[in-house]
Amino acid sequence: MKTKVAKTVWGDELEVYEEDACLGRSLIEYGWYSKEELQLFARLVDKTKIVIDAGANIGAFTIPLARSSKAVIA
């Protein structure tokens, strides 16, 4: 499978599979995956919280969660 580097809205780059019609495509096209969930997480998480990201995959949620929480266990 071919990969491509997706530039995210939070300034990082993630390597994704070009053929991935969901996660990869969203990151390539928009720079994020599941904007509504990220907005919800932003309301629930702060620098006092430790977050568990079960099934972290390539880090599409892990990276923004790490920026807004005390720590992330992925």
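Residues numbered from 1 in each chain as written. Predicted model: local features only at pLDDT ≥ 70, side-chain atom pairs only at ≥ 80, totals over all residues. Heavy atoms only, no water.

Colleague: Tell me about the pairing of strand E2 (residues 13-17), and name the residues and values.
Modeller: Here E2 shows a clear split, with Leu14 and Val16 buried on one side and none of Glu13, Glu15 and Tyr17 buried on the other. With five bridges joining them, strand E1 (residues 3-7) and E2 adopt antiparallel strand pairing. Bridge assignment links Lys4 to a residue of E2, and that residue is Val16. Where E1 hands over to E2, the hairpin turn is made up of five residues, of which Gly11 adopts a positive phi near 95 degrees. (Buried < 20%, exposed > 50% of the residue type's maximum accessible area, 1.4 Å probe, protein only. Helix = DSSP H or I, 4+ residues; strand = E, 2+ residues; numbered from the N terminus. Pairing = 2+ DSSP bridges.)

Colleague: Can you tell me about the side chain of Ser69, naming the residues and giving the values?
Modeller: Here Ser69 lies in the loop between helix H3 (62-68) and strand E4 (71-73). By relative accessible area, which is 2% here, Ser69 ends up buried. Among the polar contacts listed, one links the side chain of Ser69 to the backbone oxygen of Leu65, at a separation of 2.7 Å. A polar contact of 3.2 Å, which involves the side chain of Ser69, links it to the backbone oxygen of Ala71. In contact with Ser69, other than residues within four places in its own chain, are Val45, Asp46, Lys47, Lys49 and Val51. (Polar contact = N/O pair within 3.5 Å; in protein donor to acceptor, adjacent residues only side chain to side chain. Contact = heavy atoms within 4.5 Å.)

Colleague: Describe the side chain of Asp53, with residues and values.
Modeller: For Asp53, the position within the fold is in the loop between strand E3 (50-52) and H3. The side chain of Asp53 sits in the buried core without any salt bridge; Arg67 is the nearest counter-charge, 12 Å away. Beyond its immediate sequence surroundings of up to four residues, Asp53 is in contact with Phe61, Thr62, Val72, Ile73 and Ala74. (Lys, Arg positive; Asp, Glu negative; His and termini not counted. Salt bridge = Lys/Arg side-chain N within 4 Å of Asp/Glu carboxyl O.)

Colleague: Got a sec to walk through the pattern of salt bridges? Specific residues and values, please.
Modeller: Scanning all chains against the criterion turns up five salt bridges. The shortest N-O distance in the salt bridge between Glu18 and Lys2 comes to 3.9 Å. Within this pair, whereas Glu18 is found in the loop between E2 and helix H1 (23-30), its partner Lys2 is found in the segment before E1, the two being separated by 16 residues in sequence. The class for Glu18 is partly exposed, based on a relative accessible area of 27%. A relative accessible area of 56% places Lys2 in the exposed class. Put simply, Lys7 and Glu13 hold a salt bridge, and the shortest N to O gap is 3.7 Å.

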